[in-house]
Protein chains: 2
Amino acid sequence: MIYRLLSAAILVGCLVAPATAQEDSITVRRIFQECLKNNTAYDNLRVLCKQVGHRLSGSEGSKKAVIWGEAALKAAGADSVWLQPVKVPHWERGKPESVTMKVSGQSRKLKALALGGSVATPSSGIEAEVVMVKSKEELEQLGRKKVEGKIVFFNHPFDDTHLRTFESYGSCVWQRVDGAIQAARFGAVGCVIRSLTHIRDDNPHTGVMQYVDSLPKVPGLALGYLSANALEEALAKGQQVKLQLKTHCRTLPDADSYNVIGELHANRPNAPWLVVGGHLDSWDVGEGAHDDGAGVVQSIEVLRLMKKLGLAQRFNIRCILFMNEENGAKGARKYAEEAERKNEPHAFGLESDAGGFTPRGFTFEKLPESIAGMDRIRYLLAPYGLHDLSKGGSGVDVGFLRKPFPMAVLSGYRPDSQRYFDVHHAHTDVFETVHPRELALGAASMASLMYLMSIHLP
Amino acid sequence: MIYRLLSAAILVGCLVAPATAQEDSITVRRIFQECLKNNTAYDNLRVLCKQVGHRLSGSEGSKKAVIWGEAALKAAGADSVWLQPVKVPHWERGKPESVTMKVSGQSRKLKALALGGSVATPSSGIEAEVVMVKSKEELEQLGRKKVEGKIVFFNHPFDDTHLRTFESYGSCVWQRVDGAIQAARFGAVGCVIRSLTHIRDDNPHTGVMQYVDSLPKVPGLALGYLSANALEEALAKGQQVKLQLKTHCRTLPDADSYNVIGELHANRPNAPWLVVGGHLDSWDVGEGAHDDGAGVVQSIEVLRLMKKLGLAQRFNIRCILFMNEENGAKGARKYAEEAERKNEPHAFGLESDAGGFTPRGFTFEKLPESIAGMDRIRYLLAPYGLHDLSKGGSGVDVGFLRKPFPMAVLSGYRPDSQRYFDVHHAHTDVFETVHPRELALGAASMASLMYLMSIHLP
């Protein structure tokens, strides 16, 4: 009621001076206050992590997640909720993998996780000598003669001096995605990588890897940071070091699954869509709390806030829980295809897939200065610690809207990145590592940007 | 070497245009890179937390901390290290306290910590009916008739809608500091408070309380958040609720202790001092990791960085590990008195006492716009996430320089505040809650500001 009075007062004020910035400022404040007081994000995340658990595409967990997501969107007040069918890859880890290091007649178990998509080894495993490289160039220099029949250890560590940890990840992720292909090019029988993390613990970090049909498919695994150190040290002594790898993975036929979509409807006909989302699938370890349970529950909270505060007026709003971001992005492709086919105009897409940490800003695929109202948006978001509004990627899922909707503004939520790769794709990505206030502030930040876009976009 | 060449190139550039901003930018980058790669802060904090442990003024821990601090400053490369003697309060908790809630013939233990400075109860405890208030005004309204002989429960919770958690703390801390005095004014026999935290766990949070000689000294304790909920719920039913309080605290004669001070010396005579510091003492629970182990090891790292990178040129530098911030600030008073007595000019003081979290900025007691070079400093620090350079307090310790050195710039390091009150003054303030990169980024931020001040101050 106080806000209605304030708004009325400001409307009167409008007769002498434009007051929209003041109104917007009041609305952003209402969003933050409502979210900090009554947000559903943290409680939703607890249920998603503890009752659904991890949820790789095609798994039982992913089926439970779809049912959960539908109910959560209804509870958040969506005008309609629907499931968009999509066929997704279905890979299973099977029995736990093992890596044994053998040097000078001694054996030692290393901590490891098979990479997502890896083939199985024979049940007796693969045993071979290890050759270590830090770059593709080093591998090329060794050549087939020194690599054939061996296991390649890709050991390019994170550069600790990067301020933004995603830059470290970006310069190392080729090892995981492309390592098995590169190893096979030179006749290797398997590959292991140093986990993509800064943190000095021994939790291995999985993630997607690729094969090409023209080369043998060799198993790929990630070693824990300390295990990778142990392997590096053994090799540094110039001894012959062997690894025995055992993986029990299998790829099943593609599975039926769904994007889960909640909508709020505009009060004008043929309104374009503003979409917000995260991905519902996760890796098959831990609980997918930061990656991307956080983005999912924040997106649901954005819908709740916009409904509760009456902020969906000029545009239709969709909250999309994308399926299969981790190993195929089939859900995002499907959504973009269908939106194009049905000729549904999209004006804005926002993704949260960088963890549930304290807010820092947003990246935009277009130069922020080219976006309508951005000066005002900058000014309105700065008091909430959202200083970093810069050019950059939106996200894997929302990025698929780029081609069909080239005029759409696409954005990624950017929380603080220091702790993200501690838990990314690891057993340690659990609910307890998410802070209730940091998570809620992210949701409020996202809702504020959605609202401001709904005001400023044509 | 590359930096020397770059600097030389820039100096040549100077002949056509002033390039100091570029040089400064390169230096700030060197500070961050050196700190992220080789910082001592995290390893120092592990030793301080795990080998010294908590270290309340006058305790055995505080003596070990002084010895540790002296060695750490020498190892960091200080030109000289010395101990500044100071008499400090010496309070001991004694045997663990207990709070038992008695309602309808049932007894239940509540989680509690005696507040720092509290008196002991008789060994059999104090048992009395509870009266709950949320403000001093409510207590006044109840008056002596309804309060006399009872235990006052101060139950004003943190306001979750404050963005900056220190604002919540600021509006609640009167309960802890002043509660026992207010309770005694109306004849109460004891007081308990809801712990000063956002987090929904049951770890009680201690901290300093005060008495006045003109009123009886009644014991004061903090209840865990969930225990406070239980007490609130019992009272809400309108039943008579009694508490039995037992505390075993004692105040001993003031003890001998020290500020630990490391110096770097300028290359010009009679150079003024720039000082950086945190407090070496902590509460007597947990490990004082964020409060203020973080500030201590960051300040030592600032000295190390300035020595290693040759940044102490125009000013003398002191890193001060203040004793007794928590319950008396005797160390800070002593330092300021002695500096005034010896007529040592002070140009800048920086304090880190808000936790070892990801950097956000600095507050300045003067309007930042009034500080020489602040525009350039803003511009140079923004790429490191240090956007929040605003007017505000410096810190309890550095603040004592205000009176003797009114021209000095006094500043406080401001990391993200969302997680601080989860652990503040509680058993949970341990090493494991500090993130290595967040801690290091803070130290690099502080060193950068110290360096920029040394360039821009007259």
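Residues numbered from 1 in each chain as written. Chains lettered and ligands numbered in written order. Predicted model: local features only at pLDDT ≥ 70, side-chain atom pairs only at ≥ 80, totals over all residues.

Draft legend 1. Broad picture of the overall build of chain A. A tally of helices and strands in chain A yields 13 helices and 16 strands. For 458 residues, the compact-globule estimate of 2.2 N^0.38 gives 23 Å, and chain A sits close to it at 24 Å. Its C-alpha atoms give chain A principal-axis dimensions of about 85 × 45 × 35 Å. Burial analysis of chain A (458 residues in total) assigns 55% to the buried set. (Helix = DSSP H or I, 4+ residues; strand = E, 2+ residues; numbered from the N terminus. Rg over C-alpha atoms; globule rule 2.2 N^0.38 Å. Buried ≥ 20, exposed ≤ 12 C-beta atoms within 10 Å, placed from the backbone.)

Draft legend 2. Focus on the domain arrangement of chain A. All names here are of chain A. Here chain A is partitioned into domain 1 (38-89 + 253-456) and domain 2 (94-248). Averaged C-alpha coordinates put domain 1 and domain 2 at centres separated by 33 Å. Listed by partner, the interface residues are 14 residues for domain 1 and 17 residues for domain 2. Within the side of domain 1 that touches domain 2, the residues separate by chemical class into 5 nonpolar, 7 polar and 2 charged. (Domains from an automatic or database assignment. Contact = placed C-beta atoms within 7 Å. Nonpolar A, V, L, I, M, F, W, Y, C, P; charged D, E, K, R; others polar.)

Draft legend 3. Spotlight on the packing of helix α2 (residues 20-38) of chain A against helix α9 (residues 289-308) of chain A. All names here are of chain A. Two numbers describe how α2 lies on α9: the axes approach to 11 Å, and their chain directions differ by 120°. In terms of their interaxial angle, α2 and α9 are classed as oblique. Here α2 and α9 pass one another in a crossing that is right-handed. For the pair α2 and α9, contact is made by Ile 31, Glu 34 and Cys 35 and by Glu 301, Leu 305 and Lys 308, respectively. Considering only residue class, the contact of α2 with α9 consists of 3 nonpolar, no polar and 3 charged. (Axes fitted to C-alpha atoms, helices over the stretch in contact; angles between N-to-C directions. Parallel < 35°, antiparallel > 145°, perpendicular 65-115°, else oblique. Left-handed = near helix turned anticlockwise from the far one by under 90°.)

Draft legend 4. Up close: the relation of the copies chain B and chain A. Note on the copies: chain B fits chain A at an RMSD of 0.0 Å, the axial shift is 0.0 Å, and the rotation between them is 180°. The operation mapping one copy onto its partner corresponds to a two-fold rotation axis. In terms of C-alpha distance to the rotation axis, chain B has His387(B) as its closest residue, with the C-alpha 3.5 Å off the axis. Both copies contact each other with a shared surface, as 100% of the interface residues of chain B are interface residues in chain A too. (Least-squares fit on C-alpha atoms with pLDDT ≥ 70 in both.)

Draft legend 5. View of the interface of chain B and chain A. With 19 residues of chain B in contact, the opposing surface of chain A contributes 19 residues. Counting residues per element, the ones that place at least two in the side of chain B that touches chain A are α2 (20-38) and α13 (436-456) of chain B. No other element matches α2(B), which puts 4 residues into the side of chain B that touches chain A. When its residues are assigned to classes, the side of chain B that touches chain A shows 4 nonpolar, 8 polar and 7 charged.

Draft legend 6. Quick look at helix α7 (residues 174-185) of chain B. Listed as buried for α7(B) are Gln175(B), Arg176(B), Gly179(B), Ala180(B), Ile181(B), Gln182(B), Ala183(B) and Ala184(B). Buried-residue contacts for α7(B) involve α5 (136-147), β6 (151-154), α6 (165-172), β7 (190-194) and β8 (220-223) of chain B.

Draft legend 7. Structural view of the environment of Gly143(A). Residues and elements named next belong to chain A. As for its position among the elements, Gly 143 is in helix α5 (residues 136-147). In this structure Gly 143 comes out as exposed when scored by C-beta crowding, with 11 C-beta atoms within 10 Å. As for Gly 143 and Phe 186, which are separated by 43 residues in sequence, their C-alpha atoms are 6.4 Å apart.

Draft legend 8. Quick look at the environment of Ala228(B). Residues and elements named next belong to chain B. Here Ala 228 lies in helix α8 (residues 225-236). Sequence separation between Ala 228 and Ser 195 is 33 residues, and the spatial gap between their C-alpha atoms is 7.9 Å. Sequence-distant contacts of Ala 228, that is, excluding residues within four places in its chain, are made with Asn 155, Arg 194, Ser 195 and Leu 223.

Draft legend 9. Representation of the packing of α2(B) against α13(B). Residue and element names in this part refer to chain B. Axis separation between α2 and α13 bottoms out at 9 Å; the angle between their running directions is 150°. When the axes of α2 and α13 are compared, the pair comes out roughly antiparallel. Between α2 and α13 lies a crossing whose hand is right-handed. Across from Asp 24, Thr 27, Val 28, Ile 31, Phe 32, Cys 35 and Leu 36 in α2, the residues of α13 making contact are Ala 440, Ala 443, Ala 444, Ala 447, Ser 448, Tyr 451, Leu 452 and Ile 455. In the contact of α2 with α13, the residues fall into 12 nonpolar, 2 polar and 1 charged.

Draft legend 10. Spotlight on the nonpolar core. Core analysis: the biggest nonpolar cluster contains 92 residues, and Leu45(A), Val302(A), Leu303(A), Met306(A), Ala447(A) and Met450(A) have the highest contact counts within it. The greatest single-element share of this core, amounting to 12 residues, is contributed by helix α13 (residues 436-456) of chain A. When residues of this core are sorted by domain, at least three fall in each of domain 1 (38-89 + 253-456) and domain 2 (94-248) of chain A. Excluding anything up to four places from it in sequence, Ala447(A) contacts Ile31(A), Cys35(A), Val302(A), Leu305(A) and Met306(A). Ala76(B), Cys172(B), Val302(B) and Ala329(B) belong to the second-largest nonpolar core, a separate cluster that totals 91 residues. (Core = buried A, V, L, I, M, F, W, Y, C linked by C-beta atoms within 7 Å.)

Draft legend 11. Looking closely at the pairing of strand β2 (residues 98-103) of chain B. Residues and elements named next belong to chain B. Of the strand pairs in this sheet, β2 and strand β9 (residues 241-246) are connected by 6 bridges, and their pairing is antiparallel. When the bridges of β9 are listed, Thr 100 appears paired with Gln 244. Judged from the 5 bridges that link them, β2 and strand β3 (residues 106-110) form a sheet pairing that is antiparallel. Directly across from Lys 102, in β3, lies its bridge partner Ser 107. Hairpin connection from β2 to β3: 2 residues lie between these consecutive antiparallel strands, with Ser 104 at a positive phi of about 50°. (Pairing = 2+ DSSP bridges.)

Draft legend 12. Molecular detail of unusual backbone geometry. Cis geometry is adopted by the peptide bond preceding Asp292(A), which originates at Asp291(A) and carries an omega value of 0°. The topology assignment puts Asp292(A) in helix α9. For Ala329(B), which is not glycine, the phi dihedral falls at a positive 55°. Mapped onto the elements of the fold, Ala329(B) is located in the loop between β12 (316-322) and α10 (330-341). What makes Ala329(B) buried here is the crowd of 22 C-beta atoms within 10 Å.

Draft legend 13. Representation of the sheet that holds strand β10 (residues 250-264) of chain B. All names here are of chain B. Pairing is mixed across the open sheet formed by 8 strands, whose spatial order is β1-β10-β12-β11-β13-β16-β14-β15. Each having just a single partner strand, β1 (80-92) and β15 (388-391) make up the two edges of the open sheet. Strand-to-strand twist of the sheet, defined as the mean angle between neighbouring strand axes without regard to direction, takes the value 20°. Examined bridge by bridge, strand β11 (residues 273-279) and strand β13 (residues 346-351) share 5 bridges and lie parallel to one another. Its bridge partner lying in β13, Gly 277 is registered against Glu 351. Taken strand by strand, helix α4 (residues 60-75) contacts β1, β10 and β12, and its axis lies near 0° from that of β10.

Draft legend 14. Here's a closer look at the sheet that holds strand β6 (residues 151-154) of chain A. Residues and elements named next belong to chain A. Judged by pairing direction, the sheet is mixed, and its 8 strands sit side by side in the order β3-β2-β9-β5-β6-β7-β8-β4 without closing on themselves. Both edges of this open sheet fall to β3 (106-110) and β4 (112-114), since each of them pairs with a single strand only. When the angles between neighbouring strand axes are averaged without regard to direction, this sheet yields 30°. Sheet topology note: the strand β5 (residues 126-133)/strand β9 (residues 241-246) ladder contains 4 bridges and is antiparallel. When the bridges of β9 are listed, Ala 128 appears paired with Leu 243.

Draft legend 15. Layout of helix α11 (residues 374-381) of chain B. Residue and element names in this part refer to chain B. Taken as a whole, α11 has its buried residues at Ile 377, Leu 380 and Leu 381. Viewed end-on, α11 has its buried residues packed into an arc of 90°, placing them on one side of the element. Opposite the buried face of α11, at more than 90 degrees from it, the exposed residues are Asp 375 and Tyr 379. Packing partners of the buried residues in α11 comprise α2 and α13. (Arc of directions from axis to C-beta.)

Draft legend 16. Looking closely at the environment of Thr363(A). If you trace the backbone, Thr363(A) turns up in strand β14 (residues 359-364). Filtering out sequence-adjacent residues up to four positions away, Thr363(A) remains in contact with Ser390(A), Lys391(A), Gly392(A), Gly393(A), Ser394(A), Ser411(A), Gly412(A) and Arg414(A).

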